Amino acid sequence: RSLLQKVLKGLSPTGFLSVRHSRGRTQYAARRSFVFFEELQKMVTLSFPMPREEIVRIIKRAGTPALVAIAGTFLNAEKKRVDLLVISNAITEKRLARSIAQLEAEMGQEILWALFPTKEFAYRRKMFDRFLGDIFAYPHEILVNKIGPRVS
């Protein structure tokens, strides 16, 4: 037996894993009802974050962003308005949605996102828009910034 099989078999009595036997195969799955499931999920996510360069590379498939900011899910932050904010005149919502779908598939969870043209973003910033204020008030990282030094 492989080392992985031994580890999985050792974990099954803890209640963390459910075990199912089907057609001569043993299948293991994490139980969401496990007492420490959320803590373990956070630990694993923090241990294996998606590389920032990969996020930018996937977003750039949709077009050229003027600003890309990540928050929420990408940073394991509880408070969030969005996980991903993209500002661009060169990206359509449809193309960005395809890129987001790829990010969601790689991360294994839904991503809340927003896309604004640069003029709308500038206007909202000037008007102290609450939505943008909330995004920049909570933990976030700016991955691409072609707008200027005073973004957040």
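One can find the structure itself at the top, above this paragraph.
In what follows, the accompanying structure is described. (Residues numbered from 1 in each chain as written. Predicted model: local features only at pLDDT ≥ 70, side-chain atom pairs only at ≥ 80, totals over all residues. Heavy atoms only, no water.)

1. Details of the packing of aromatic side chains
Turning to step 1, where the next piece is worked out: If you walk through the whole model with that rule in mind, you get 3 aromatic pairs.
Turning to step 2, where the next piece is worked out: Plain terms: the ring middles of Phe116 and Phe131 are 6.1 Å apart, the flat faces sit at 75° to each other, and that makes the pair edge-to-face. Note that Phe116 is positioned in strand β5 (residues 113-116) and Phe131 in helix α6 (residues 130-137), a separation of 15 residues in sequence.
Turning to step 3, where the next piece is worked out: Using a relative accessible area of 8% as the deciding quantity, one classes Phe116 as buried.
Turning to step 4, where the next piece is worked out: In this structure an aromatic cluster arises from ring pairing among Phe16, Phe34 and Phe36. (Phe/Tyr/Trp six-rings, centres within 6.5 Å; stacked < 30°, edge-to-face > 60°. Helix = DSSP H or I, 4+ residues; strand = E, 2+ residues; numbered from the N terminus. Buried < 20%, exposed > 50% of the residue type's maximum accessible area, 1.4 Å probe, protein only.)

2. Points about the environment of Ile147
Turning to step 1, where the next piece is worked out: Along the polypeptide, Ile147 turns up in the segment after β6 (140-145).
Turning to step 2, where the next piece is worked out: Note on Ile147: relative accessible area 32%, which makes it partly exposed.
Turning to step 3, where the next piece is worked out: What Ile147 contacts, discounting residues up to four positions off in sequence, is Ala66, Leu67, Ile87, Phe121 and Arg125. (Contact = heavy atoms within 4.5 Å.)

3. Some words on the sheet that holds strand β3 (residues 67-71)
Sheets are built from strands that pair by backbone hydrogen bonding, the pairs being arranged parallel or antiparallel.
Turning to step 1, where the next piece is worked out: Ordered by their spatial adjacency, 4 strands build an open sheet running β5-β4-β3-β6, and the pairing between neighbours is mixed. Edge positions in the sheet fall to β5 and β6, since each has one partner strand and no second. Ignoring strand direction, the axes of neighbouring strands in this sheet form an average angle of 10°.
Turning to step 2, where the next piece is worked out: Taken together, the 5 bridges between β3 and β6 define a ladder with antiparallel strand orientation. The residue bridging Ile70 from the neighbouring strand is Glu141, located in β6. (Pairing = 2+ DSSP bridges. Axes fitted to C-alpha atoms, helices over the stretch in contact; angles between N-to-C directions.)

4. Details of the pairing of strand β1 (residues 17-22)
Turning to step 1, where the next piece is worked out: Two elements, β1 and strand β2 (residues 25-30), share 6 bridges in a ladder whose sense is antiparallel. Bridge pairing in β2 links Leu17 to Ala30.

5. Comments concerning unusual backbone geometry
Turning to step 1, where the next piece is worked out: One non-glycine residue with positive phi stands out, namely Arg23, at about 55°.
Turning to step 2, where the next piece is worked out: Positionally, Arg23 belongs in the loop between β1 and β2.
Turning to step 3, where the next piece is worked out: Positive phi, normally seen in glycine, also occurs at Phe128, with a value near 55°.
Turning to step 4, where the next piece is worked out: Looking at the element boundaries, Phe128 is found in the loop between α5 (118-126) and α6.
Turning to step 5, where the next piece is worked out: Among the residues examined, Phe128 registers a relative accessible area of 76% and is labelled exposed.

6. Looking at the nonpolar core
Turning to step 1, where the next piece is worked out: Of all hydrophobic cores here, the largest spans 17 residues; its most connected members are Ile55, Ile59, Phe74, Leu84, Ile100 and Leu103.
Turning to step 2, where the next piece is worked out: Looking at this core, the elements with two or more residues in it are α3 (52-60), β3, β4 (84-87) and α4 (93-107).
Turning to step 3, where the next piece is worked out: Top element by residues in this core is α3. It accounts for 4 residues.
Turning to step 4, where the next piece is worked out: For Ile59, the contacting residues outside a window of four places in its chain are Pro65, Val68, Leu84, Val86, Ile91, Leu96, Ser99, Ile100 and Leu103.
Turning to step 5, where the next piece is worked out: Core analysis: the second largest hydrophobic core is formed by 12 residues, Leu67, Ala69, Leu85 and Phe131 among them. (Core = buried A, V, L, I, M, F, W, Y, C linked by side-chain atoms within 4.5 Å.)

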